Amino acid sequence: MTVHDKFLALGTHFGKVYLLDIQGNVTQKFEITHVVTLTLTLLFSTYLCSMFCCPLQMLTNLKLMKYTSVLHEGEGNITNVKWTANLIAWANNVGVKIYDICSKQRITNVLRDNTSLRPDMYPCSLCWKDNTTLIIGWGSSVKICVVKERDPTQMRDLPSRYVEIVSAFETEFCISGLAPLADQLVTLYYVKENSEHVEEEFRTRPRLDIIQPLAEGCEEISSDALTVRNFQENQCRDYRLEHSEGESLFYIISPKDIVVAKERDQDDHIDWLLEKKKYEEALMAAEISFKNIKRHDKIGMAYINHLVERGDYDAAARKCQKVLGKNMDLWENEVYRFKTIGQLKAISQYLPRGDLRLRPAIYEMILHEFLKTDYEGFATLIREWPGELYNNMAIVQAVNEHLKKDPTNSMLLTTLAELYTYDQRYDRALEIYLKLRHKDVYQLIHKHNLFSAIKDKIVLLMDFDKEKAVDMLLDNEDKISMDKVVEELKDRPELLHVYLHKLFKRDHHKGQKYHERQISLYAEFDRPNLLPFLRESMHCPLEKALEICQQRHFVEETVFLLSRMGNCRRALQMIMEELADVDKAIEFAKEQDDRELWEDLISYSIDKPPFITGLLNNIGTHVDPILLIHRIKEGMEIPNLRDSLVKILQDYNLQILLREGCKKILVADSLSLLQKMHRTQKRGVRVDEENICESCHTPILPSDTAQAFGVVVFHCRHMFHKECLPSPGNVRIQYCNICSAKRRGPGSGILEMKK
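None of the values given here were measured: they were computed from a predicted structure. (Residues numbered from 1 in each chain as written. Predicted model: local features only at pLDDT ≥ 70, side-chain atom pairs only at ≥ 80, totals over all residues. Heavy atoms only, no water.)

Following the criterion strictly, the structure yields 29 salt bridges and no others. Between arginine 552 and glutamate 524 there is a salt bridge, with its nearest N and O atoms 3.0 Å apart. Of the two residues, arginine 552 sits in the loop between helix H19 (542-551) and helix H20 (555-564) while glutamate 524 sits in helix H17 (residues 515-525), which places them 28 residues apart along the sequence. On the basis of relative accessibility, which here comes to 46%, the residue glutamate 524 falls in the partly exposed class. Salt-bridge contacts for arginine 527 lead to glutamate 557; the nearest nitrogen and oxygen are separated by 2.7 Å. With arginine 527 in the loop between H17 and helix H18 (530-536) and glutamate 557 in helix H20, this pair connects stretches of sequence that are 30 residues apart. Glutamate 557 sits in the buried class, given a relative accessible area of 3%. (Salt bridge = Lys/Arg side-chain N within 4 Å of Asp/Glu carboxyl O. Helix = DSSP H or I, 4+ residues; strand = E, 2+ residues; numbered from the N terminus. Buried < 20%, exposed > 50% of the residue type's maximum accessible area, 1.4 Å probe, protein only.)

For the rest of this paragraph, the subject is the packing of aromatic side chains. Taken as a whole and assessed by the stated rule, the structure comprises 5 aromatic pairs. Taking 5.8 Å as the distance between ring centres and 65° as the angle between the ring planes, the aromatic pair formed by phenylalanine 173 and tyrosine 189 counts as edge-to-face. Pair noted here: phenylalanine 173 is in the loop between strand E18 (161-170) and strand E19 (174-181) and tyrosine 189 is in strand E20 (residues 184-190), with a separation of 16 residues, a long-range link. Accessibility assignment for this pair places phenylalanine 173 and tyrosine 189 in one class, buried. Aromatic side chains tyrosine 363 and tryptophan 385 sit 5.3 Å apart centroid to centroid with 85° between the ring planes, which places their arrangement in the edge-to-face category. Residue tyrosine 363 is located in helix H7 (residues 360-373), and its partner tryptophan 385 is located in the loop between helix H8 (375-384) and helix H9 (392-405); the two are separated by 22 residues in the primary sequence. Ring pairs connect the aromatic residues Phe504, Tyr522 and Phe533, which therefore count as one cluster. One residue, lysine 345, lies across the ring of phenylalanine 370, its end atom 5.5 Å from the ring centre. Directly above the aromatic system of phenylalanine 554 lies the positively charged group of arginine 527, at a separation of 4.0 Å from the ring centroid. (Phe/Tyr/Trp six-rings, centres within 6.5 Å; stacked < 30°, edge-to-face > 60°. Lys NZ or Arg CZ within 6 Å of the ring centre and 35° of its normal.)

Glancing now at the sheet that holds strand E24 (residues 249-253). With antiparallel pairing, the 3 strands of this open sheet are ordered in space as E23-E24-E25. Strands with a single pairing partner mark the edges of an open sheet, and in this sheet they are strand E23 (240-244) and strand E25 (258-262). The mean angle between the axes of side-by-side strands here comes to 25°, regardless of whether they run parallel or antiparallel. (Pairing = 2+ DSSP bridges. Axes fitted to C-alpha atoms, helices over the stretch in contact; angles between N-to-C directions.)

Quick look at unusual backbone geometry now. Within the chain, alanine 182 stands out as a residue other than glycine whose phi angle is a positive 55°. Looking at alanine 182, the relative accessible area reads 64%, which means it is exposed. Despite not being glycine, histidine 553 has its phi angle at roughly 60°, a positive value. We classify histidine 553 as exposed; its relative accessible area is 55%.

Judged by side-chain charge, Lys676, Arg679, Arg683 and Arg717 come together as a positively charged surface patch. Within the element layout of this structure, arginine 683 appears in the loop between helix H26 (641-682) and strand E26 (710-714). According to the relative accessible area criterion, arginine 683 is exposed, its value standing at 52%. (Patch = residues over 30% accessible without salt bridge, like charges linked within 9 Å, V, L, I, M, F, W, Y side chains within 5 Å. Areas by Shrake-Rupley, 256 points an atom, 1.4 Å probe, with all protein chains shown as cover. Lys, Arg positive; Asp, Glu negative; His and termini not counted. Charge placed at Lys NZ, Arg CZ, Asp CG, Glu CD.)

Shown next, in the form of structure tokens:
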């Protein structure tokens, strides 16, 4: 058999030639007068290379008919001929020859490797991959030969071309045919019965493999065992492999059958995946090659059906997003199918909810299903689905019906509030949120600017979360005034205190008109912050504050107020008598820095040994300890007197050391500054043509510097000609006329320049 892009030519053992189309239909038939076995080749250009073989007459020479010249003879029967462009290759008992028509030279002879195999039983297979690459298969050996141009400098009497074997390797079985497939090879193998390389059921069947040639071997890509009639009786020579380059078709010829093979396309691959129930991979393959597939447009639905049948409803619903896409009719059909099998919940989270949407009735059907069986799932859908997907009022009515049976259900109430929010009925939503003390109430107020709606609900907001409520009220004072808040909280003084306290922390002056009221609020609800408030407030009435603190017997606050009102002696007396805290009394006296207070403190402490100890330990830097020691009664027992005296002496020594240290620092600084001044005054002063005499206002330097001249320069940088000074006597007692009018300063010293 030989193959053309448009027809096939088939020769039989009975001397008949059939012409067939590519689909295998017989178009013409020729009969040869004598019965022979025919081997056919095609016409190439104007050359005809044909070979007729039969048991009685074998071809032993090869002729080029155009020139009626013999190309080769004398090496046994010629079993195969292949022609491409200007190259002819043929095989005989010895090996393979390649002939160059252009140069009319035979350029190589590729010897047969395994000479033990009979050439008539194991014929050579030849095929041209391209115009310069010949593939030779003989027995189990494969060689890939490339025809190359010879370097002109090396030709001498050699052919202009030579052949290089770029790859040679052994295969597992005997080769019956070869054909190129891109950079790979299609090989037709004859498998012997006693081979151990295949399973029992495939023995002696011909094999069609795709292999990847390598430099020193090959890699099997795929393998198929073929079933042809009477394969058990066939030999290696009974199989042939031909190929059509245009259609990528491969023809496996056996005595009884012709098998057509073609490359598997994506449809074939998808068929195989579906057969193996690999739906996920099939769907992915179809998506990748959607332009090339011809048959598989419903893989996705098959996959969904498979998942549903298997009971994997969530996976089936998830696949609907990819498979159904924008086909709303298919979506609705699937929703009703999931309803029929009781799996609406599975598909609910995957429904379209963007620009493309189903009918509102579909979404409402699912919401009603959840409302019957799963309040939590219903609430999740309400939060996740845009309110425009369904009839909001219909769902609100359904929720209210359920609330009649369970009026305190917080999840249903929260969901109802969200539905009211979608419907812009914010007042109803706000009531529910406040009733539930829901954390989203503040977000709702801010998002929808509901401050006008909460003016009469301030107490409820404060009861729910005082801190958040106060922050919100203070941040939006332009919407809810401070006076309105105070009015609303007048009957809840503990809440009013929280509001006014935060207001004071933000701005000490904004709520000044409420400072008097805050005194009582701090005293009642927040004593720790009362004293800081009294210290920081500039608008607090001191008399009122003193009255309240005295009524409640708040000593520390009273002491502060007395000292702030100028009654420091009474404040000190309270510290000593009521607090009995000598350290605090000493600290108070230090803050006031009043000698009379120290006298009062000493007088009060002189008959109290613990107080004397405290004074001895602390007053050393403010009052001379000797004054206190002289006033101590003789014989009085004072705790830790020795330690106190040691501390006084240590403090005294420390003061002496500090003074000496300061003295050293001052002396060193004075000396350093003096040296700096001396260096400064010793520095030269630049005098050039730009300087002028401060008396005559002419250039200080004469035009002819070769003549003798004198210049007087003061440290104030004023310059005079020597003769321009009013008293040209002793220059050391002269002063700058300009500066001496002000004071005797840096310009009093002079430098004299003479030449």
